[in-house]
Every structure is written in C-alpha cells, then in structure tokens.
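# Understanding the architecture of this molecule
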Amino acid sequence: AVYMFYALAIVCDDFFVPSLEKICERLHLSEDVAGATFMAAGSSAPELFTSVIGVFITKGDVGVGTIVGSAVFNILCIIGVCGLFAGQVVALSSWSLLRDSIYYTLSVVALIVFIYDEKVSWWESLVLVLMYVIYIVIMKYNSTIHHCFERKTKNSANMVNGLANNTEMDDNSNCDATVVLLKKGNFHRKASVIMVDELLSAYPHQLSFSEAGLRIMITSHFPPKTRLSMASRMLINERQRLINSRTYTNGESEVAIKLPIKHVVENGTGPSNSAERGVNGTRRDEDMAEAGNETENENEDNDNNENDEEEEEDDDDDDHEGPYTPFDLPTGKIEILKWLFTWPLSFVLYFTVPNCNKPHLEKWFMVTFASSTLWIAAFSYMMVWMVTIIGYTLGIPDVIMGITFLAAGTSVPDCMASLIVARQGMGDMAVSNSIGSNVFDILIGLGLPWALQTLAVNYGSYIRLNSRGLIYSVGLLLASVFVTVFGVHMNKWKLDKKLGCVCLSLYGIFLCFSIMTEFNVFTFVNLPMCRDH
C-alpha cells in the first residue's frame, strides 16, 4: 500500500501535471481556471478513482470515507503544514478564500441533503456534477466578479472615511510606477503575463514588480512559456531602470532620459515615439516580452533561461528535473538508493507513458494524459485492495481506513504542491488549491461515479450507503470549513505558525470524533464487521 502511494505521487507529478499544463496552453485557459479545473482534477485523480472502485467494484463506503477524510485533511492538514513550514508569514486575500469556501460549503450542504436518507438517486448525482460545471463558469468570470466585490467593499469603506480620492492617490504614489502601468494595461494583456499583475494587485505595498516576477520565474507550477516571457520582461525593466538612473546621476535634462529610452524602444519593436511611450508603455513591455528574442535580447534571454533551469534544479533537489530513467544511473548515494527503489516503476512508466516534458515528445501530451490517468486508476485499485485487506486483518471498518490512511495517502500530491507554493509566499494559491480540489472531490469524485452507476450502468437504480456515521463526518466537514475561515479571519488574514498549529490540532480532534462515531461510541451507527464463523 505504501509503495502504491509513492507510485501515485510519481505518476501525478512527473507525467500527469505536465500533460495538464500542455493541455491548458493549447486551450488558452487562464491560470486560475486551469487551477480550478485541470490542476484540481490532476491532484485529486487518486480520490476520484478510489471512489469509482468503491462504487463499482468493492461496493463499500471506501470512496465516500476517503473523500470526506481527504477533504478535512486538505483543509486542516494542508493549511496547518503550510503555516508551519512556509518559513515566513504569508498574507492571504479575503476574496479567494471566501469565494472557494462559500462554494465548498454549498457543495457540502448538497451532499448532506442527498446522503441523509442513505440512498442516492440519479437526479441527485446529476445535480452534483452540474454544480461543478457552474463552479467552472464562476472561475471563468472570476476577475469580473472580483472587481465588483472589491468595488463594493472599497465603496463601503470609503463612505465611512469619506476619502475616496485620497486613498487612490496614496495608492498610486506608494506603488512603483511599473505597478500602476501594469494595472492600466491589465485589459489588453495575454493571459500568460497576467499573473504578475494579480500578484501585485494582491500585495500592492509588499511586492515590487521585480520580486513578483522572480516569484513567477522560480515557481515550477507555471508553464515554461510564462516563465520565459516573465524573464524577458524583468530584463527590460531592469535595463530601463539602469538607463534612467544613469542619466539622473549625470544631472542632465529630461531629453537625455528620453533618448536612451527611445533607443531601447526601437530595438524592442515597440512604438518609437517617446511621447507615445507613456500611453503604450505596457503594450511595448508585452511586445518586447513576446519579441524579445528577435533583437539583442536573444542571448540574454537564453542565458536567463539556462540560469532559470539551473535555479530550478537547485530548488527541486528531490524533484531533480523529471522522473528517473531506468537506464541512467544517477550520482550520489541517496539518489542511487531512490533510483533502485523506484526502478520497477520507472521501468514500466518509461515504456508506457511518453514524458511530454521532453521537446521531442511534446506533441504526445494527450497520450501522456490518457495513459497516466490509466496508471493512476491501476495504482489506486491496488492501493484500495491492499487497504481493504489491512483493514479486514486488523478488524477496522473500511470507512475508518478511508478517513485516515487512504485520505492522507491520496492527498500527498495536494499537500506537496501547496507547500511548494506557500514557501514562495503565494498563500492564496496554496489555500485555493486545497479548497478547490475539495470542491472537485465532492462534486466530481462522488457525483460522477454515482451518476454513471445510476444513469448509464443501471438506469433508475439507487446507490445505497452502508454507514450512517458518514452524516456526522460530513457535518464535521462543514464545521472544519467554518473554523478555518474564522481562524484565518481572527489571525488578520495571515498564515503563520500559530494558525498552522491550531489547524493540525483540529485535524487530530476530527479524527478522534470520526473514529469514535464509527465505532458506535456516541450512537449506534454501524453494524459490527462480518467475521468467518
């Protein structure tokens, strides 16, 4: 079972997620929609297949237990781990947390209503799947809704202070000039570059443009194209800053400043008139990011890209750029041990799943997506099977195995992803990932297998749930969301060690309650396990 956990982590990180990124690039999805749909689907694929197996093959509650358990694990444990090990105090924005947790609360309420009578009919399962479709639509128009939300909150705050104009002026003077330009240019910008502006508008007084850019460059979460265009934009900005400072120190007039800028602009295939520059500054930035390779930036870009790769190798030592290949022995004793340990896996995957990170296999990304999904299904099947045997041997009900052991195992990819992002100070993305994959778990992870069973396999049948204790566990789920949001609010929207400890201890409490409920401590919910006479 442990080896299967490890296999799942390898398939998810090295094959499944890169293929998702390629799909998002081809479909031109923006980062947040990709995150809510494909990314959440990627990190929650194990839960989905566990649930499919629970519904169609073992006919038990393993799937429901796993999903309920991993949902609590995702919220409390992941936020706890991020708070403890982020190594810094991470600021969270209220909008993304509220958006995700409100929708999540709605989906949990729907789940409670549907499983209360211990059977699920076809229309109930269909409602769950449709709710996820609505969630994707909300994500698509996320920025528009966010602007309305901000305008309302800002207006109400300004009505109290009566300082509408002053606050805006202060904002502009405090922020870097580039930030203001970027905000204006937000509307006609390609999706790949929007992330910086989002980061900047989220933390206007904490990040400069270059810091935000660096964060995006070193996050392996973004596709290479985004990070490369980011690198070229940073080079341009830095260069302009140097030119400006050089002319200022010489104490010459403004004309002297305009000339070198004009020279840079002409090289960057942007508008050549420096008066135009003020208006089209952002467009020129973008043009240069796109066309940076055409001019003298080419070699700088290439250098930068190489540095970028080196940096990444340093960053992700445990990742070491993609999966192990079965025929190349790595260097270092620990690496060799790891290589030997994963040899059977890497051997099988090497021949069955094309690694779409490699340039010559890039066009096979759909094959990678399909085959890695099949492997995730196979490994999940093995894992559920082993866990059922462990539970049967030790006399533990399968719901408890689901809530504890399987939940922690299937959420390992989520946890690692969130922690990596949180360490770079992007707390919102970490928290959104954990809550977003929960929405996927409940609406698709449970809704889809149920819908298939009741609509396609056996039309008009009902799914019967064996455990009444699940209602209590799902109720605890709701409580965990409220407690988390309340805790973050009390902590002034900061993610730090204090909040981390609180969340982890709450997770412990949840486990105790769930296990005691399943063992009929409070009320009689479960029949005893079958034994051979």
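Computed from a prediction, not measured in an experiment: that's the story for all the values here. (Residues numbered from 1 in each chain as written. Predicted model: local features only at pLDDT ≥ 70, side-chain atom pairs only at ≥ 80, totals over all residues. Heavy atoms only, no water.)

Turning next to the UniProt feature "transmembrane region" (unreviewed entry) in the protein chain. Feature annotation in UniProt places "transmembrane region" (unreviewed entry) on residues 62–85, 122–142, 373–392, 399–422, 442–462, 469–489 and 504–527, given in this structure's numbering. This span, residues 399–422, is 96% helix and 0% strand, and a straight line between its end C-alpha atoms measures 31 Å. For the annotated span residues 469–489, helix accounts for 100% and strand for 0% of the residues, and the straight-line distance between the end C-alpha atoms is 31 Å. (UniProt positions renumbered as here; feature names shortened; annotations may be inferred. Helix = DSSP H or I, 4+ residues; strand = E, 2+ residues; numbered from the N terminus.)

This next bit is on the side chain of asparagine 142. Relative to the assigned elements, asparagine 142 resides in helix H6 (residues 142–161). A polar contact of 2.9 Å, which involves the side chain of asparagine 142, links it to the side chain of arginine 99. (Polar contact = N/O pair within 3.5 Å; in protein donor to acceptor, adjacent residues only side chain to side chain.)

This part is about the packing of helix H1 (residues 2–27) against helix H15 (residues 333–352). Here H1 crosses H15 at 50°, and the two axes come no closer than 11 Å. The angle between the axes of H1 and H15 places the two elements in the oblique class. Crossing angle aside, the handedness with which H1 passes H15 is right-handed. Contacts between H1 and H15 pair Tyr3, Tyr6, Ala7, Ile10, Val11 and Phe15 from the former with Phe341, Thr342, Pro344, Leu345 and Leu349 from the latter. Looking at the contact of H1 with H15, its residues break down into 10 nonpolar, 1 polar and no charged. (Axes fitted to C-alpha atoms, helices over the stretch in contact; angles between N-to-C directions. Parallel < 35°, antiparallel > 145°, perpendicular 65-115°, else oblique. Left-handed = near helix turned anticlockwise from the far one by under 90°. Contact = heavy atoms within 4.5 Å. Nonpolar A, V, L, I, M, F, W, Y, C, P; charged D, E, K, R; others polar.)

So, about the packing of aromatic side chains. Applying the stated criterion across every chain yields a total of 17 aromatic pairs. Their ring planes at 65° and their centres at 6.2 Å tell us that phenylalanine 327 and phenylalanine 351 sit as a pair that is edge-to-face. You can see phenylalanine 327 sitting in the loop between helix H14 (297–315) and H15 and its partner phenylalanine 351 sitting in helix H15, a full 24 residues away along the chain. Neither residue differs from the other here; phenylalanine 327 and phenylalanine 351 are each classed as exposed. The exposure class of phenylalanine 351 is exposed, given its relative accessible area of 56%. Taken together, the aromatic side chains of Phe327, Trp343, Phe347, Tyr350 and Phe351 make up a single cluster linked through ring pairs. (Phe/Tyr/Trp six-rings, centres within 6.5 Å; stacked < 30°, edge-to-face > 60°. Buried < 20%, exposed > 50% of the residue type's maximum accessible area, 1.4 Å probe, protein only.)

Here we take up the environment of isoleucine 102. Mapped onto the fold, isoleucine 102 is located in helix H4 (residues 94–115). For the pair isoleucine 102 and phenylalanine 482, spaced 380 residues apart in the sequence, the C-alpha separation amounts to 9.7 Å.

Right, let's get into the side chain of asparagine 74. When you line up the elements, asparagine 74 lands in helix H3 (residues 62–85). Here asparagine 74 falls in the buried class, since its relative accessible area comes to 0%. A polar side-chain atom of asparagine 74 sits 3.3 Å from a polar atom in the side chain of serine 437. In contact with asparagine 74, other than residues within four places in its own chain, are Ile79, Ser411, Asp414, Ser434, Ser437, Asn438 and Asp441.

With that settled, consider the packing of helix H17 (residues 398–410) against helix H21 (residues 497–518). As a packed pair, H17 and H21 sit with axes 10 Å apart at the nearest point and diverge in direction by 175°. The angle between H17 and H21 falls in the class roughly antiparallel. Where H17 abuts H21, its residues Val399, Ile400, Ile403 and Thr404 lie against Tyr507, Phe510, Leu511, Ser514, Ile515 and Glu518. A breakdown of the residues in the contact of H17 with H21 according to their chemical character gives 7 nonpolar, 2 polar and 1 charged.

Before going further, it helps to examine the nonpolar core. Among the nonpolar cores identified, the biggest contains 67 residues, and Tyr104, Ile115, Ile442, Leu443, Trp450, Leu477 and Tyr507 are the most heavily contacted of them. Top contributing element to this core by residue count: H3, with 13 residues. Excluding residues that lie within four positions of it along the chain, tyrosine 104 makes contacts with Ala71, Ile75, Ile435, Asn438, Val439, Ile442, Leu477 and Val481. In terms of nonpolar packing, the next biggest core, distinct from the first, is built from 24 residues, Val11, Phe49, Phe379 and Leu406 among them. (Core = buried A, V, L, I, M, F, W, Y, C linked by side-chain atoms within 4.5 Å.)

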